[in-house]
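Summary of the model geometry
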Amino acid sequence: MIIKAGHFTSFTYIYRQKQLHRTDIMESHITDITILIAVIALSLWPIVLFILRFLHERNKRLERLDRLTKNELDDISTQELVTQTLQKIGCQPETDEEGHINFKYQGEDFYIAAEEGSRFIMIWNPWWGSISSDNEALPYLKEVINLTNVSSLVTAVFVTDEDDEKTIGLHAHCHTFFSPGEGQLDEHLKLLLDSFFDTQTAIKESMNQIGSAVAAQQEKERVKIKGFAAYKENTSPIEAGGKKTD
């Protein structure tokens, strides 16, 4: 087939137009995607900025304690030292009207009472458990707590609730020296806080073992000795009025 020059030029023109049209469509799609990305970026920018600012301020607070000289550390109050150390390990301490530093650690409630006249602090884990005064396991619990306290950094105590005399609260506390010159205070504090959970676990495991032993003993006592009961199925009722014999 013979294609004339005019026809060939026409085909070439049409082909180029199609190519240009496809290019325009692709550029339009790219422009739409670019605009969408820009809109998303602008909407997220305030959130990103807030996160960056929060992390920056947090790092500044954590670095402040590390940059303190020995003299500055000596001048810092015990309460402030505890607060900054708690922040360093990821806690959010708050000071109440009594001057106690309240915070949560691994989901548990704690508070620290700082002695400003010295570098000693008292860490409390209040109401980590409770038991009724009518519970038969209470005498065993007291013995378990006394035995656990012998080998623990933490001392567990039980106190009757002021509002409900039938409820006995389980608490734990630890008294320690907390001074800037004692090395890594954050690691020291984490070690003590983790010890509270070790004490709880030891008490609970001991009570579970005692509970299992008591249950086994009660089950053993419920086993009946057969004796005459073994012949019960073969018995027959006795009639009220017997026949007289001649």
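In case you missed it, the structure is sitting above this.
Throughout what follows, the structure given in this document is the object of discussion. (Residues numbered from 1 in each chain as written. Predicted model: local features only at pLDDT ≥ 70, side-chain atom pairs only at ≥ 80, totals over all residues. Heavy atoms only, no water.)

Tallying secondary structure elements over the protein chain gives 5 helices and 6 strands in all. Counting helices and strands in the order they occur from the N terminus, the protein chain gives α-α-α-β-β-β-β-α-β-β-α. Within the protein chain, buried positions represent 24% of all 246 residues. Looking at the protein chain alone, contacts between residues at least 24 apart form 56% of all its contacts between residues at least 6 apart. Of the roughly 18800 Å² that the protein chain leaves accessible, carbon and sulfur atoms contribute 56%. (Helix = DSSP H or I, 4+ residues; strand = E, 2+ residues; numbered from the N terminus. Buried < 20%, exposed > 50% of the residue type's maximum accessible area, 1.4 Å probe, protein only. Contact = heavy atoms within 4.5 Å. Areas by Shrake-Rupley, 256 points an atom, 1.4 Å probe, with all protein chains shown as cover.)

Attention shifts here to unusual backbone geometry. Even without being a glycine, Gln106 presents a positive backbone phi close to 55°. Here Gln106 shows up in the loop between strand E2 (101-105) and strand E3 (108-114). Judged by relative accessible area, which is 56%, Gln106 ranks as exposed.

For the coordinates displayed, the defined rule picks out 7 aromatic pairs. The interplanar angle of 80° and the centroid separation of 6.4 Å between the aromatic rings of Tyr105 and Phe110 together place this pair among those described as edge-to-face. Under the relative-accessibility criterion, Phe110 is labelled buried at 2%. Through pairs of rings, three or more aromatic residues link up here, namely Phe103, Tyr105, Phe110, Phe196 and Phe197. (Phe/Tyr/Trp six-rings, centres within 6.5 Å; stacked < 30°, edge-to-face > 60°.)

Next up on the list: the pattern of salt bridges. According to the stated counting rule, one finds 1 salt bridge in the structure shown. Ionic pairing is found between Asp109 and Lys104, a salt bridge with its closest N-O pair at 2.6 Å. Judged by relative accessible area, Asp109 falls into the partly exposed class, the value being 40%. (Salt bridge = Lys/Arg side-chain N within 4 Å of Asp/Glu carboxyl O.)

With that settled, consider the sheet that holds E3. An order of E1-E2-E3-E4-E6-E5 is seen for the 6 strands of this open sheet, with the pairing classed as antiparallel. Each of the sheet's edge strands pairs with one partner strand only, and the pair in question is strand E1 (94-95) and strand E5 (155-160). As paired elements, strand E4 (residues 120-132) and strand E6 (residues 167-177) share 10 bridges and run antiparallel to each other. The partner of Ile123 across the bridge, within E6, is Cys174. In this fold helix H3 (residues 78-88) packs onto E1, E2, E3 and E4, with an angle of close to 20° to the strand it touches most, E2. (Pairing = 2+ DSSP bridges. Axes fitted to C-alpha atoms, helices over the stretch in contact; angles between N-to-C directions.)

Attention shifts here to the nonpolar core. One finds Leu86, Ile112 and Ile123 to be the most contacted residues of the largest nonpolar core, which totals 34 residues. When contributions to this core are tallied by element, the ones reaching two or more residues are H3, E2, E3, E4, helix H4 (138-150), E6 and helix H5 (185-221). Among the elements that make up this core, the one with the highest residue count is H5 (8 residues). Here Leu86 is in contact with Cys91, Pro93, Ile101, Phe103, Ile112 and Leu189, once residues within four sequence places are set aside. (Core = buried A, V, L, I, M, F, W, Y, C linked by side-chain atoms within 4.5 Å.)

With that settled, consider the side chain of Thr199. Along the polypeptide, Thr199 turns up in helix H5. Ignoring anything within four residues of it in the chain, the contact list for Thr199 reads Thr148, Ser152, Val154 and Ala156.

Okay, the environment of Lys190 next. Within the element layout of this structure, Lys190 appears in helix H5. Sequence separation between Lys190 and Tyr105 is 85 residues, and the spatial gap between their C-alpha atoms is 9.3 Å. What Lys190 contacts, discounting residues up to four positions off in sequence, is Ile89 and Tyr105.

What follows covers H4. With 13 residues, H4 should reach 18 Å at 1.5 Å per residue; the first-to-last C-alpha distance of 19 Å fits that figure. Taken together, the buried positions of H4 are Leu138, Leu141, Val144, Ile145, Thr148 and Asn149. Seen along its axis, H4 keeps its buried residues to an arc of 130°; they face one direction. Of the exposed residues in H4, the ones pointing more than 90 degrees away from its buried face are Pro139, Glu143, Leu147 and Val150. (Expected span 1.5 Å × (residues − 1). Arc of directions from axis to C-beta.)

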